[in-house]
Amino acid sequence: DGRVACSDWEAEELTSRQRRYAADDAYFSLLLLGALEALPDVEAAPAEEVPAEEPVSQLSFQPGWVEAGIVRKHDGFWCSLCNKGPILNGEVVRSHLDSKLHQKKAQPPPPPSLPPPPPANPAIAPSPNDGEAASPSEDAAAGVAGAAETDPAGAAP
């Protein structure tokens, strides 16, 4: 209980809840120690050899970080996509790159949607061919006929 943990532990006399809390804390810590001591030892994996001209620190860029938007500033790494930083540890950078927030911002924006087609113009009558392409001679004839219809003098070309 958080209220007991933050209660007045300097009081002249502890409450029964404080005494129970302290006893449980000691008991479970002892159980945890026994469980940890029962675990087998693990040998550390051999460290990879790093050339002397490339010292590695926790603030060394790792492959792919620049492409993912990580930049180095005077106070540590920053994510330029999320404006998060300073990040002072490589594990934290990797964790940030795996986060949902960063993944969402790292995705390219969706392509712009096309505008809807213009509404049909009722003044334009459908062609007699019902959607078939007109031949070049029909196009020429339509152009000549259209010119004669619009020519105020009525002269043919």
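Coordinates for the structure precede this section.
Within every chain, residues take consecutive numbers counted from 1 along the sequence as written. The predicted nature of this model means local features are confined to residues of pLDDT at least 70 and side-chain atom pairs, given and counted, to a pLDDT of 80 or more, with totals for whole chains, interfaces and linings taken over all residues. Hydrogens are left out, water is left out, and the side-chain values use all remaining heavy atoms of the structure.

Notes on the sheet that holds strand β1 (residues 70-73)
Within a sheet, each strand pairs with its neighbour through backbone hydrogen bonds, oriented either parallel or antiparallel. Counted only if it meets this: Only when DSSP finds a minimum of two bridges between them are two strands counted as paired. Only DSSP runs of H or I covering at least 4 residues are called helices, and only runs of E covering at least 2 are called strands; the numbering of each starts at the N terminus. Axes here refer to lines fitted to C-alpha atoms; in helices the fit is confined to the stretch in contact. Angles between the N-to-C directions go from 0 to 180 degrees.
Read across the open sheet, the three strands follow the order β1-β2-β3; overall the sheet is antiparallel. Edge positions in the open sheet fall to β1 and β3 (84-87), since each of these has one partner strand only. In this sheet, neighbouring strand axes are inclined to one another by 25 degrees on average, regardless of whether the strands run parallel or antiparallel. Bridging between strand β2 (residues 76-79) and β3 involves two bridges; their strand directions are antiparallel.

Here we look at the pairing of β1
Pairing geometry for β1 and β2, over four bridges, is antiparallel. Following the sheet pairing, V71 is matched in β2 by W78. Turn length for the β1-β2 hairpin, with the two strands adjacent in sequence and antiparallel, is two residues.

Some points on the packing of aromatic side chains
We count it as follows: For Phe, Tyr and Trp, where Trp contributes only its six-membered ring, two rings pair if their centres lie within 6.5 Å, and the inter-plane angle classes them as stacked under 30 degrees, edge-to-face over 60, or tilted in between. Relative accessible area decides the class of each residue, using a 1.4 Å probe on protein chains only: under 20% of the type maximum gives buried, over 50% gives exposed, and in between gives partly exposed. Comment: the charge-over-ring label is applied if NZ (Lys) or CZ (Arg) is within 6 Å of the ring centre and within 35 degrees of the ring normal.
All told, the structure shown has four aromatic pairs when counted by the stated rule. Their ring planes at 70 degrees and their centres at 5.2 Å tell us that Y27 and F28 sit as a pair that is edge-to-face. By relative accessible area, Y27 is classed as partly exposed at 46%. Judged by centre distance (4.9 Å) and plane angle (65 degrees), the rings of F61 and F77 are edge-to-face. Here F77 lies in strand β2 and F61 lies in the loop between α2 (16-38) and β1, a separation of 16 residues in the sequence. The class of F61 is partly exposed, set by a relative accessible area of 33%. Through a chain of ring-to-ring contacts, three or more aromatic side chains come together here, namely F61, W65 and F77. K73 extends its terminal NZ or CZ atom over the ring of W78, reaching a point 4.7 Å from the ring centre.

Observations concerning unusual backbone geometry
In this model, G85 is joined to P86 through a cis peptide bond whose omega is 0 degrees. Mapped onto the secondary structure, P86 falls in strand β3. A positive phi angle, close to 55 degrees, is found at N83, a residue other than glycine. Looking at N83, the relative accessible area reads 59%, which means it is exposed.

Let's talk about a nonpolar patch on the surface
What counts, and what does not: Within this analysis, patches are made of residues with over 30% relative accessible area and no salt bridge. Like charges are joined at 9 Å or less; nonpolar side chains (Val, Leu, Ile, Met, Phe, Trp, Tyr) at 5 Å or less. Note on areas: Shrake-Rupley with a 1.4 Å probe; residue coverage comes only from the protein chains shown. For salt bridges, the criterion is a side-chain nitrogen of Lys or Arg within 4 Å of an Asp or Glu carboxyl oxygen.
Taken together, the side chains of Y27, F28 and L31 present a nonpolar region at the surface, about 330 Å² in accessible area. Of note, L31 is situated in helix α2. Exposure remark for L31: the relative accessible area of 44% places this residue in the partly exposed category.

Section: the nonpolar core
Here is the rule we go by: Take the buried Ala, Val, Leu, Ile, Met, Phe, Trp, Tyr and Cys residues and link them wherever side-chain atoms come within 4.5 Å; each set so joined is a nonpolar core. Residue contacts are defined here by distance: any two heavy atoms, one from each residue, within 4.5 Å place the two residues in contact.
With nine residues, the main nonpolar core is built from W65, A68, I70, F77, C79, C82, I87, V93 and L97. Among the secondary structure elements, those contributing two or more residues to this core are β2 and α3 (90-98). The contact partners of L97, leaving out residues within four places of it in the chain, are W65, A68, I70, H102 and Q103.

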